[in-house]
Protein chains: 4
Amino acid sequence: MIANRTMESNVRSYNRAFGSTFDRAAGAEMFDETGGRHLDFLAGCGSLNYGHNHPVLKAALMDYVARDGLCMSLDLNSTARSAFLERFERIVLAPRGLDYLVQFPGPTGANCVEAAIKLARKATGRSNVIGFTNGFHGCSLGALSLTGSSHHRAGSAALLQQVSRMPYEGYLGSGLDTADYIDRLLDDPSSGIDAPAAFVVELVQGEGGLQAASAGWVGRLQEIARKHGALLIVDDIQAGCGRTGTFFSFEPLGIIPDMICLAKAVSGYGLPMSLLLLKPELDCWKPGEHNGTFRGNSHAFVTAAAALEHFWGDPEFAQTLADRCAAMQRHCGQLADNFGLRVKGRGMMMGLEFTDYGMAAAVQADCVRRGLIIERCGPHDEVLKFLPPLTLAPEQLDEGFAIVRQALTAVLGDRECTAQPRVPEFQPA
Amino acid sequence: MIANRTMESNVRSYNRAFGSTFDRAAGAEMFDETGGRHLDFLAGCGSLNYGHNHPVLKAALMDYVARDGLCMSLDLNSTARSAFLERFERIVLAPRGLDYLVQFPGPTGANCVEAAIKLARKATGRSNVIGFTNGFHGCSLGALSLTGSSHHRAGSAALLQQVSRMPYEGYLGSGLDTADYIDRLLDDPSSGIDAPAAFVVELVQGEGGLQAASAGWVGRLQEIARKHGALLIVDDIQAGCGRTGTFFSFEPLGIIPDMICLAKAVSGYGLPMSLLLLKPELDCWKPGEHNGTFRGNSHAFVTAAAALEHFWGDPEFAQTLADRCAAMQRHCGQLADNFGLRVKGRGMMMGLEFTDYGMAAAVQADCVRRGLIIERCGPHDEVLKFLPPLTLAPEQLDEGFAIVRQALTAVLGDRECTAQPRVPEFQPA
Amino acid sequence: MIANRTMESNVRSYNRAFGSTFDRAAGAEMFDETGGRHLDFLAGCGSLNYGHNHPVLKAALMDYVARDGLCMSLDLNSTARSAFLERFERIVLAPRGLDYLVQFPGPTGANCVEAAIKLARKATGRSNVIGFTNGFHGCSLGALSLTGSSHHRAGSAALLQQVSRMPYEGYLGSGLDTADYIDRLLDDPSSGIDAPAAFVVELVQGEGGLQAASAGWVGRLQEIARKHGALLIVDDIQAGCGRTGTFFSFEPLGIIPDMICLAKAVSGYGLPMSLLLLKPELDCWKPGEHNGTFRGNSHAFVTAAAALEHFWGDPEFAQTLADRCAAMQRHCGQLADNFGLRVKGRGMMMGLEFTDYGMAAAVQADCVRRGLIIERCGPHDEVLKFLPPLTLAPEQLDEGFAIVRQALTAVLGDRECTAQPRVPEFQPA
Amino acid sequence: MIANRTMESNVRSYNRAFGSTFDRAAGAEMFDETGGRHLDFLAGCGSLNYGHNHPVLKAALMDYVARDGLCMSLDLNSTARSAFLERFERIVLAPRGLDYLVQFPGPTGANCVEAAIKLARKATGRSNVIGFTNGFHGCSLGALSLTGSSHHRAGSAALLQQVSRMPYEGYLGSGLDTADYIDRLLDDPSSGIDAPAAFVVELVQGEGGLQAASAGWVGRLQEIARKHGALLIVDDIQAGCGRTGTFFSFEPLGIIPDMICLAKAVSGYGLPMSLLLLKPELDCWKPGEHNGTFRGNSHAFVTAAAALEHFWGDPEFAQTLADRCAAMQRHCGQLADNFGLRVKGRGMMMGLEFTDYGMAAAVQADCVRRGLIIERCGPHDEVLKFLPPLTLAPEQLDEGFAIVRQALTAVLGDRECTAQPRVPEFQPA
């Protein structure tokens with residue numbers, strides 16, 4: 001048998017850090033082909049908010065497959081599609097007083113961002129789009145133009161234009177509110193920044209280093225967008241579906257975006273699916289104008305509908321999630337305290353920032369050796385990132401952080417640390 | 001319950017022509033929520049070459065889900081991934097003497113085309129890419145630049161550049177070989193066409209009207225690409241995986257592309273998955289340079305591997321498929337004969353071209369009313385397109401064409417037709 | 001003293017072929033610093049249609065300078081500007097029944113082409129522009145992209161490279177009318193060619209090899225442009241101002257362009273000046289939207305006005321010019337005849353095409369050695385190009401062609417030539 | 001006679017503010033067709049640093065024209081060209097220890113900026129270019145896109161709009177050094193700002209509102225450019241040729257740019273001419289790669305050479321100019337003091353900034369009525385701009401400022417003003 005290594009292109013990435021060949025998984029645990037157990041603090045980069053193969057979702061999927069439920073459906077009407085839409089409306093939108101229309105733009109987050117940009121350009125008649133430093137929105141040649149990472153941009157000599165890059169909150173230090181700068185540029189008819197169709201922003205920058213925007217800054221952004229006739233698009237691909245402690249990441253921030261991009265965890269089972277939410281008045285699409293074969297992944301509809309009902313339809317889930325977020329915050333604060341690191345992020349997407357990038361790498365590698373699947377993020381991969389399933393058991397969270405502490409101790413030494421812990425300053429409005 | 005119609009964006013398309021709400025499906029048959037049976041001559045736009053929920057593939061998937069097989073895997077090594085790669089090498093590549101490397105660029109065909117363009121630009125250091133009249137390669141803002149349809153391009157005012165459009169075979173009539181024109185443009189240092197990184201071509205234009213390129217023209221294209229230092233990329237997203245009668249559409253044409261894009265039917269079950277095949281010497285990717293969450297859809301690996309083994313690993317499948325293609329050709333020829341239409345396409349992707357576009361629409365609508373799921377293609381939707389599962393029973397093929405004949409008779413009348421049938425001129429090399 | 005050669009960038013071009021250092025010039029004669037005389041068959045690439053330092057124009061300029069006439073004027077109203085506009089209206093536009101508005105877009109032809117594109121995009125709301133194989137319209141690249149002012153950027157919402165390249169007349173051989181191809185592409189909603197704002201075309205391609213469009217083809221082009229809502233812009237920068245035998249190159253072709261670009265010879269004296277003529281209904285410019293310091297070169301206005309009065313205001317000039325064109329045609333025909341070459345171009349911009357590019361170079365070099373300033377053009381510099389002042393004496397024309405004959409004989413030998421002469425097929429409507 | 005107004009396009013601009021029709025001019029005085037005298041504080045937007053029709057330059061031009069000196073010369077070697085180059089080397093470059101090569105990129109400043117961008121991209125192999133808020137570098141848009149020749153297209157492989165806009169010094173207020181922001185963006189691999197080929201910067205922003213960069217900030221910019229492998233291009237089109245008090249605007253700032261763009265005043269007489277200075281090691285042009293008909297305007301060479309000799313070759317000119325700058329500064333300071341305005345700019349390009357934009361317009365209009373030709377600049381035209389000839393008499397400067405004072409008094413009233421004058425903070429290194 002020919003191994004993956006020799007048949008696959010050099011482009012593969014994750015399997016370099018995590019050398020095992022995985023076979024099966026359940027909840028927060030993954031098992032490799034030799035039976036070795038790994039604790040999962042990566043969760044498919046945020047695609048597995050309810051863990052691997054959750055039994056309720058699995059049962060729904062098995063039933064559906066067994067009875068020859070329609071699998072591939074283009075964008076035909078189907079009972080699976082209707083069932084998902086009904087639950088999304090009843091469980092997610094209606095209780096939050098939201099009246100978005102739904103578009104299925106294709107299976108990936110990049111599909112969703114591209115549909116949002118296309119629609120914003122069409123609705124406003126403008127072409128410029130505002131992206132932010134350290135933003136990440138996918139690698140398609142259109143979506144890639146919004147993505148900051150030069151690593152991902154290097155492969156595409158062309159087509160990256162018509163995006164103006166703005167500093168995210170805090171990028172210019174505490175002395176200057178970057179929203180003021182953005183407002184000034186758009187007020188100034190000779191700043192060289194053309195009137196934008198939209199701002200596309202992540203409220204927690206999942207790949208860019210876990211910068212978490214404050215309610216104040218995000219509110220200013222919405223105000224500036226409206227003042228200048230631009231749409232506010234929230235990319236909630238990684239931060240949505242409960243990752244920050246609420247279904248949408250913007251809920252505690254006091255804004256209502258014009259469009260919202262969801263993907264990754266929306267199917268609940270790790271199946272490819274994305275969702276664009278758009279205000280009804282923006283729906284200037286002609287039928288079929290944005291297209292794609294895999295806009296209706298029925299298996300994903302089935303597991304997504306089951307997840308909505310099982311978790312978000314359960315009044316107690318919010319509290320469980322809040323408890324888990326509090327534990328995450330506590331763990332991060334203690335480690336930061338003990339090892340002189342900086343806490344980043346919020347909710348169930350938090351991390352520890354190292355000033356020494358090499359140490360971040362060493363700590364990750366040590367965690368992996370100890371059986372913890374964990375990644376880094378940030379421009380220099382300097383942030384160790386905790387992205388476990390939202391539904392892991394408290395003991396699993398403790399177990400994971402114990403491994404992190406062991407790795408930190410091994411790499412940094414059992415140092416007496418006097419540095420002040422730097423808990424993130426985020427305060428909901 | 002809120003119906004799809006009110007919650008979904010206006011962008012939805014297929015569910016307008018096919019108003020039913022579908023529930024389950026098996027083989028070439030789909031059943032709506034009222035139990036109504038429909039015969040499927042669309043096959044998920046070519047994503048269901050082995051029909052809906054094929055029992056062998058279904059069993060493999062059920063087993064995998066039941067045993068908690070890893071579902072979402074980023075691009076981690078997994079037993080499912082290895083098994084697929086092993087079979088693809090053993091059953092597809094090795095017997096054909098091909099040594100491509102494999103890249104999983106994301107779940108959609110557009111992901112695959114974008115990866116191919118990026119890599120071609122990187123490998124050649126050039127940015128221009130040659131696309132063809134009536135080509136269709138997806139709707140992402142990068143991939144969209146290659147797509148001809150103004151309908152799909154209208155939503156994106158920007159980012160469509162760096163593509164030079166060339167006439168497909170026959171576009172300039174029989175008096176002029178468009179390959180000569182392309183060669184002249186590239187020879188002429190002042191033609192205004194910059195040296196291209198790649199030609200991206202479909203060998204049968206699935207959406208553009210079922211133009212089928214001849215061995216002679218495709219051979220010239222390969223020769224011209226080589227002469228001018230450009231790569232030849234075959235988009236086999238719709239025409240591949242057996243659709244034209246061989247696994248790859250280029251097999252009878254005597255060429256070896258530098259890259260091949262596969263998607264749609266590659267999973268065998270209609271699950272989102274794509275595949276880029278690239279010559280080893282082109283593999284200048286850095287790790288992770290092309291990225292995406294859903295590059296490893298394990299369920300798709302499982303069904304894809306089962307399909308390769310069950311169909312392509314079976315020596316008799318080639319003959320069955322050839323028989324079905326011959327029947328398709330015979331049916332098309334007879335209808336063309338009787339109704340004065342023109343036959344387009346080859347293999348199991350054929351169609352009938354109407355000069356009166358309204359009649360094409362009327363015939364399709366009549367077919368749908370009679371329980372046949374069927375689409376049109378071409379710049380003016382003037383080609384009625386036959387795209388059934390490759391594996392349908394001979395009686396189902398006959399049944400489908402009987403419906404088409406009834407619809408033609410209803411719309412066109414039982415006319416005495418003296419027009420010569422126009423069987424496509426395709427001759428394998 | 002430091003010579004040019006050491007102080008100047010490597011980018012200089014003409015002074016490589018013509019090594020002399022020139023000092024003064026009159027009519028069709030140039031004199032170098034050693035007093036050597038050269039006959040000028042290049043005429044500043046068509047900028048000196050009335051020869052060097054024509055005495056009537058020179059007198060007008062001297063008077064103007066002597067009396068402190070305003071030189072640099074931005075676009076202020078001036079007596080020099082008014083006088084030019086009055087004569088242009090009275091002598092050029094009114095007698096031809098034309099009612100164009102005039103814009104002074106800056107001193108260069110490229111300024112003029114850019115203003116035309118900007119205005120066409122603004123007037124039509126489209127961004128695509130059709131250019132032709134072997135077209136030449138200047139080398140500007142987009143300084144605007146660096147400029148901040150939204151006022152100045154507003155006229156160019158569209159992407160700078162959005163140009164679709166079409167085959168010029170004859171590019172596909174005699175069997176296919178390229179106008180048919182263009183029409184088909186624009187009719188076909190899936191050809192990949194977006195609806196254009198404008199066609200920009202030279203009626204004789206001065207740099208591209210002296211292809212001369214026929215009345216039939218140009219008429220089709222105008223018809224196709226109108227049918228598809230595009231403007232027809234004639235770039236008459238090299239072919240205008242009498243170069244083809246009439247003031248505008250389109251006069252014998254039966255069309256009325258929507259815009260006309262003039263530059264090069266418009267000042268009559270070789271001073272930098274360009275002119276955009278636009279139909280009044282297209283004048284949707286806002287004040288100052290297209291800008292530039294040197295839009296009003298008063299010295300050029302003065303010599304241009306004098307040239308209009310002296311030449312075009314003189315009823316006998318048309319006949320003199322026709323005689324000179326006939327002599328040019330006769331000379332070219334005879335040389336083509338004798339040496340088996342192909343005649344290109346029309347009027348006073350004609351040439352001889354060599355199939356052996358090296359021979360073209362050798363013949364040019366030999367001409368230069370014999371005191372004839374002459375250039376080549378075409379994609380491979382394969383056309384020896386005759387571009388003398390329109391006003392040279394018949395003896396000077398004879399003298400120039402005698403030198404060419406000597407050079408041809410020296411390079412090609414005194415061959416017996418049986419090849420049919422290929423006189424250009426151009427026939428005025 | 002048809003008036004300008006009816007024949008010219010709506011695009012004309014300056015002649016709206018200055019309604020007179022001008023006829024002749026000398027020094028700092030312009031005379032309209034009725035004999036009315038106007039004092040010129042605009043100087044052809046900085047093209048007439050030595051005033052209108054300076055007698056020494058005029059004599060040189062008259063002699064040259066009279067003796068049939070070559071006028072139009074493409075880029076042929078000529079005695080006029082050599083004489084200019086010799087003086088530029090001897091009088092400008094050598095005494096300042098500069099070893100730039102010279103390129104004549106065409107007659108306009110935009111030509112020069114475009115040549116600089118093309119060359120920077122070619123030399124660095126990068127495409128991104130950094131521009132600044134409120135920068136102004138011309139209005140050209142990309143005629144090259146229409147030109148077929150690959151020779152001419154080769155220098156511009158990059159995308160035309162690939163410009164990243166950065167905040168100029170002071171744009172973010174006094175609390176933040178914008179150089180720090182720029183440095184951070186370029187250090188951050190995920191900022192979204194690609195590594196630039198060049199920074200293009202005006203050291204005094206002539207159109208953008210007379211922001212004057214400090215030595216400290218400009219030094220940082222040079223340092224940052226070098227650190228990141230980018231070239232520093234100074235656009236000295238308006239600020240060069242003595243306008244700020246030294247020949248180049250960077251002389252007191254302690255930097256040596258990699259390229260310098262000169263135009264406007266370089267001919268000394270208001271004739272169209274531009275000049276690119278480039279470090280010899282950057283000269284990777286191929287012959288003719290940047291092209292254009294009017295690259296050699298001999299009349300401009302003649303007046304430019306005369307101006308260099310007469311002014312910059314005279315040791316006393318520096319002192320005269322310094323005196324004039326001091327008087328300008330004194331006048332501005334006093335008016336700012338008395339009327340509560342802010343002083344902008346430096347040298348002989350200074351202005352007064354109004355917070356009430358309407359008042360700026362009213363003051364300008366009142367000045368024009370009183371016979372002063374004067375313009376405004378800035379994003380909102382809020383800065384009254386003083387740009388007289390460098391060579392005007394002290395009494396003329398006093399006269400002009402007396403008019404400005406009268407206009408200010410008329411519009412703002414004879415107010416008691418307690419606001420602190422804000423003299424610009426510029427301090428040479």
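Per an unreviewed UniProt entry, chain A carries the name Diaminobutyrate--2-oxoglutarate transaminase and comes from Leisingera methylohalidivorans DSM 14336. Comment text from UniProt for chain A, heading Sequence similarities (unreviewed entry), reads "Belongs to the class-III pyridoxal-phosphate-dependent aminotransferase family." Under the Cofactor (unreviewed entry) heading, UniProt states for chain A: "pyridoxal 5'-phosphate".

Student: Explain the relation of the copies chain D and chain C here, please?
Tutor: Between the two copies of the chain lies a relationship made up of a rotation around an axis and a movement along it. After a rotation of 180 degrees and a shift along the axis of 0.0 Å, chain D superposes on chain C with an RMSD of 0.0 Å. Those values place the two copies in the arrangement expected of a two-fold rotation axis. The overlap is high: 100% of the interface residues of chain D also sit at the interface in chain C, so the same surface is used on both sides.

Student: Would you mind showing me how to read the interface of chain D and chain C here?
Tutor: Interface size is commonly expressed as the accessible area that is lost once the parts come together. Contact with chain D, which involves 118 residues of that partner, is made by 118 residues of chain C. D68(D) is paired through a salt bridge with K58(C); the nearest N and O atoms lie 2.8 Å apart. Our enumeration of links across chain D and chain C arrives at 32 residue pairs in polar contact (both at pLDDT 80 or more). Counted by class, the side of chain D that touches chain C contains 53 nonpolar, 41 polar and 24 charged residues.

Student: Is there a simple way to explain the packing of aromatic side chains in this structure?
Tutor: How two aromatic rings sit relative to each other is given by the distance of their centres and the angle of their planes. Scanning all chains against the criterion turns up 75 aromatic pairs over all chains. Pairing F132(D) with F199(D) gives two aromatic rings, centres 6.5 Å apart and planes at 35 degrees, and the pair type is tilted. Note that F132(D) is positioned in strand β5 (residues 128–132) and F199(D) in strand β7 (residues 196–201), a separation of 67 residues in sequence. Summarising the burial analysis for this pair, F132(D) and F199(D) share the class buried. Between the aromatic rings of F248(D) and F250(D), the centroid separation amounts to 5.1 Å while the plane-to-plane angle is 15 degrees, which identifies the pairing as stacked. Residue classification places F248(D) among the buried residues on the basis of a relative accessible area of 0%. Pairwise contacts between aromatic rings join Y50(A), F84(A), F88(A), F104(A), F247(A), F248(A), F250(A), F301(A), F311(A), W312(A) and F317(A) into one cluster. Cation over ring: R184(D) sits above Y171(A), and NZ or CZ is 3.8 Å from the ring centre.

Student: Sorry, what's going on with helix α12 (residues 357–369) of chain D here?
Tutor: Given 3.6 residues per helical turn, the α-helix brings residues three or four places apart onto the same face. Residue and element names in this part refer to chain D. Compared with the 18 Å implied by 1.5 Å per residue over 13 residues, the 19 Å span of α12 between its first and last C-alpha is a close match. Along α12, the residues classified as buried are A360, V363, Q364, D366, C367 and V368. Turning to α12, the residues buried within the fold contact α2 (14–17), β13 (372–373), β14 (375–377), β15 (383–386) and α13 (394–412). Between a side-chain oxygen at the N-terminus of α12 and the backbone nitrogen of G358 the separation is 2.9 Å; the capping residue is D356. Downstream of α12 by one or two residues, G371 has phi in the positive range, about 95 degrees.

Student: Even after reading the chapter, I still don't get the packing of helix α4 (residues 55–66) of chain A against helix α10 (residues 298–312) of chain A, so can you show me in this structure?
Tutor: Packed helices, taken two at a time, are described by their axes: the angle between them and the distance between them. All names here are of chain A. Running from amino to carboxyl end, α4 crosses α10 at an angle of 145 degrees, the nearest separation of the two axes being 9 Å. Note on packing geometry: the crossing formed by α4 with α10 is right-handed. For the pair α4 and α10, contact is made by V56, L57, A60, L61, Y64 and V65 and by S298, H299, V302, T303, A306, A307, H310 and F311, respectively. The residue inventory of the contact of α4 with α10, partitioned by class, reads 10 nonpolar, four polar and no charged.

Student: What am I meant to see in the packing of helix α12 (residues 357–369) of chain B against helix α13 (residues 394–412) of chain B here?
Tutor: Residue and element names in this part refer to chain B. Where α12 meets α13, the axes come as close as 9 Å, and the angle between the chain directions of the two elements is 130 degrees. In terms of their interaxial angle, α12 and α13 are classed as oblique. For the pair α12 and α13, the sense of crossing is right-handed. Contacts between α12 and α13 involve M359, A362, V363, D366 and C367 from the former and I403, V404, Q406, A407, L408, A410, V411 and L412 from the latter. For the contact of α12 with α13, a count of residues per class yields 11 nonpolar, one polar and one charged.

Student: Mind showing me how you'd approach the sheet that holds strand β9 (residues 259–262) of chain B here?
Tutor: Think of a sheet as strands paired side by side through backbone hydrogen bonds, with each pair either parallel or antiparallel. Residues and elements named next belong to chain B. Here we have seven strands laid out as an open sheet, ordered β4-β10-β9-β8-β7-β5-β6, and mixed in their pairing. Only two strands of the sheet have a single partner each, and these edge strands are β4 (101–103) and β6 (163–166). Averaged over all pairs of adjacent strands, the angle between strand axes in this sheet comes to 20 degrees, irrespective of strand direction. In this sheet, strand β8 (residues 231–235) lies alongside strand β7 (residues 196–201) in parallel orientation, the contact comprising four bridges. Bridging from a neighbouring strand, F199 pairs with L232 of β8. Lying on the sheet, helix α9 (residues 215–227) is in contact with β5 (128–132), β7 and β8; it crosses β7 at an angle near 165 degrees.

Student: In this structure, what is going on with the environment of V411(A)? I would like to understand it.
Tutor: All names here are of chain A. The topology assignment puts V411 in helix α13 (residues 394–412). Residue class for V411 comes out partly exposed when judged on its relative accessible area of 26%. In sequence terms V411 and A60 are 351 residues apart; their C-alpha atoms lie 45 Å from each other.

Student: How should unusual backbone geometry be read in this particular structure?
Tutor: Backbone phi values are negative for most residues with the exception of glycine, while trans is the configuration of most peptide bonds. Residue and element names in this part refer to chain B. Backbone geometry places N53, a non-glycine residue, at a positive phi of 50 degrees. Here N53 is to be found in the loop between α3 (43–46) and α4 (55–66). Judged by relative accessible area, N53 falls into the buried class, the value being 4%.

Procedures and definitions
Residues numbered from 1 in each chain as written. Chains lettered and ligands numbered in written order. Predicted model: local features only at pLDDT ≥ 70, side-chain atom pairs only at ≥ 80, totals over all residues. Heavy atoms only, no water. UniProt positions renumbered as here; feature names shortened; annotations may be inferred. Least-squares fit on C-alpha atoms with pLDDT ≥ 70 in both. Contact = heavy atoms within 4.5 Å. Salt bridge = Lys/Arg side-chain N within 4 Å of Asp/Glu carboxyl O. Polar contact = N/O pair within 3.5 Å; in protein donor to acceptor, adjacent residues only side chain to side chain. Nonpolar A, V, L, I, M, F, W, Y, C, P; charged D, E, K, R; others polar. Phe/Tyr/Trp six-rings, centres within 6.5 Å; stacked < 30°, edge-to-face > 60°. Helix = DSSP H or I, 4+ residues; strand = E, 2+ residues; numbered from the N terminus. Buried < 20%, exposed > 50% of the residue type's maximum accessible area, 1.4 Å probe, protein only. Lys NZ or Arg CZ within 6 Å of the ring centre and 35° of its normal. Expected span 1.5 Å × (residues − 1). Axes fitted to C-alpha atoms, helices over the stretch in contact; angles between N-to-C directions. Left-handed = near helix turned anticlockwise from the far one by under 90°. Parallel < 35°, antiparallel > 145°, perpendicular 65-115°, else oblique. Pairing = 2+ DSSP bridges.

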